[in-house]
Amino acid sequence: MEGSSLTAAHVRRGALFLVNIGVPLVVGAWRDEPVAALLGAVVGMLLAFADNDGGLASRLRLLVVDAGVLAAGGIVGWLCRDSAAALWAVFVAITLSVGMAARSGREPLLAGRHGAMAFTVAATIPDFQTYQVWYLLGALALNAVSRTVDHLLAGPCPMQPAARLQVPAEQSGWLRFALAFSGAAVVALWIGKTLDPIHTIWVVVTTLVVMQPDARASYRRIVERVAGTFLGIFGAWVITMVFHSAVVICVIIVLIAPLIPHHLAQRYWLHTALIALMVLLAYDLTVLSARGIAGLLTERLEDILLGCAIALVGTAVAFPREAVLGFEHLVGDLPPEE
């Protein structure tokens, strides 16, 4: 029974990701608005992660909280984009808060990370069209409707079991982690801004995602994210070399979408590969050129490696005692937790 329940939960989560990624993607491609399609698909995916195994009110509450934090981060980032002093001060405050939010569990950390990501994107993207707001609102509405229908049909949706993190036991440990987390994010933002806006987004997001309040989990994520990114980029390169049709690219993304949540806890490398593949293919819709996407894939690999290297140093600073035990011993066999 337990196995069938888990299988049913995987199918349900996959269906939610299929709807919340696929619908904005297809609508944007159909309306010849590929940038909005990319934006709607990514936000739809992030909001789909903001779910739990509680009642409908609890599931919708987390969705609204996550959407509010995303919106707040995006608005503040946009307002700070022309003021270096404000941008750096606010970013430090946000990342410090996210580091300390990890102490309160998965949901505050998840929403905090999403807010920091939204701030980074809004502060660095070259342009934003007003009509794209409708894709963001649509992604929120779609998540709310699909989640409500899912709950009314089948009740609470079990979360994937994940290993418990070996988090700091004392206030000083949490403060050291928050400072290291914020410091690594600031370095990632500074390096990214010396390159270009797209580099900034990928480097910073990588650093934010892989650093956990547990040394072993962080090292594991770093290793698996690099491996997964290699696979995702290789897959995107093969697909974009063979297919030059928006319809085919959309179909492939829709087929990938329901697989994304299934591998989060047990196979983070595959989870990362699927997300990288999905996002890069959505990027390809904006260029539809094998030559154009080939250079983009190389740049994204460089960004991931750079973000992981920064996170590696940040983790060693956050957990100096664990760092001296040796990298291989710390990696172990620990499934990460979103």
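That block above? That's the structure.
This structure is a prediction, so every number in the text was calculated from the model and none was measured.

About the thresholds
- Along every chain, residues carry numbers that run from 1 in the direction the sequence is written.
- Note on the predicted model: pLDDT of at least 70 is required for a residue's local features to be given, and 80 or more for side-chain atom pairs to be given and counted; whole-chain, interface and lining totals, by contrast, use all residues.
- Excluded from the side-chain calculation are hydrogens and water; included are all heavy atoms of the structure.
- Segments assigned H or I by DSSP are reported as helices when at least four residues long, segments assigned E as strands when at least two residues long, and all are numbered from the N terminus.
- Whether a residue is buried, partly exposed or exposed follows from its accessible area with a 1.4 Å probe, protein chains only, as a fraction of its type maximum: under 20%, in between, or over 50%, in that order.
- Contacts are residue-level and defined by heavy atoms, with any inter-residue pair within 4.5 Å sufficient.
- A 1.4 Å probe and the Shrake-Rupley method give the accessible areas. Residues count as covered only by the protein chains that appear here.
- Patches here are clusters of residues that have more than 30% relative accessible area and form no salt bridge, with a 9 Å joining cutoff for like charges and a 5 Å cutoff for nonpolar side chains (Val, Leu, Ile, Met, Phe, Trp, Tyr).
- We define a salt bridge as a side-chain nitrogen of Lys or Arg found within 4 Å of a carboxyl oxygen belonging to Asp or Glu.
- Only the six-membered ring of Trp is used, alongside the rings of Phe and Tyr, when aromatic pairs are assigned; centres must lie within 6.5 Å, and planes under 30 degrees apart are stacked while those over 60 apart are edge-to-face, with the rest tilted.
- Only lysine NZ and arginine CZ atoms are considered, and such an atom sits over a ring when it is within 6 Å of the ring centre and within 35 degrees of the ring normal.
- For every element, the axis is a line fit to its C-alpha atoms; helices are fit only across the contacting stretch, and the angle between N-to-C directions ranges from 0 to 180 degrees.
- What makes a crossing left-handed is the near helix being turned counterclockwise from the far one by less than a right angle; a clockwise turn instead makes it right-handed.
- Amino acids outside the nonpolar list (Ala, Val, Leu, Ile, Met, Phe, Trp, Tyr, Cys, Pro) and the charged list (Asp, Glu, Lys, Arg) are all regarded as polar, and Gly is one of them.

This part covers the overall build of the protein chain. Tallying secondary structure elements over the protein chain gives 14 helices and 0 strands in all. Taken from the N to the C terminus, the helices and strands of the protein chain come in the order α-α-α-α-α-α-α-α-α-α-α-α-α-α. With 338 residues in all, the protein chain has 50% of them scored as buried. Within the protein chain, contacts between residues at least 6 apart in sequence are counted, and of these 81% link residues at least 24 apart. A total accessible area of about 14,700 Å² is found for the protein chain, and carbon and sulfur atoms account for 70% of it.

Right, let's talk about a nonpolar patch on the surface for a bit. Taken together, the side chains of Phe234, Trp237, Val238, Met241, Val242 and Phe243 present a nonpolar region at the surface, about 560 Å² in accessible area. For phenylalanine 234, the location among the structural elements is in helix 9 (residues 215-242). Of the residues examined, phenylalanine 234 reaches a relative accessible area of 52% and is grouped as exposed.

The subject of this paragraph is the packing of aromatic side chains. Inspection of every chain in the model, using the stated rule, returns 9 aromatic pairs. Between phenylalanine 177 and phenylalanine 319, the ring centres sit 6.1 Å apart and the planes meet at 40 degrees, which makes this aromatic pair tilted. Taken as a pair, phenylalanine 177 in helix 7 (residues 171-195) and phenylalanine 319 in the loop between helix 12 (290-318) and helix 13 (320-323) lie far apart in primary sequence, 142 residues in all. Among the residues examined, phenylalanine 177 registers a relative accessible area of 1% and is labelled buried. Relative accessible area serves as the criterion here: at 5%, phenylalanine 319 is assigned to the buried category. What links up through ring pairs into an aromatic cluster is the set Trp174, Phe177, Phe181 and Phe319. Over the ring of tryptophan 78 we find arginine 81; its NZ or CZ atom is 4.1 Å from the centre of that ring.

The next thing to look at is the packing of helix 2 (residues 34-49) against helix 6 (residues 132-154). In contact at an axis separation of 9 Å, helix 2 and helix 6 are set at 35 degrees when each is read in the N-to-C sense. Considering the relative orientation of helix 2 and helix 6, their crossing is right-handed. Residues Val35, Ala36, Ala37, Leu39, Gly40, Val43, Gly44, Leu47 and Ala48 of helix 2 touch helix 6, and the partners they reach there are Gln132, Tyr135, Leu136, Ala139, Leu140, Asn143 and Arg147. Looking at side-chain class alone, the contact of helix 2 with helix 6 contains 11 nonpolar, 4 polar and 1 charged residues.

Although it is not a glycine, aspartate 32 adopts a positive phi angle of roughly 60 degrees. Structurally, aspartate 32 can be placed in the loop between helix 1 (2-30) and helix 2. Classification of aspartate 32 by relative accessible area gives exposed; the value is 66%.

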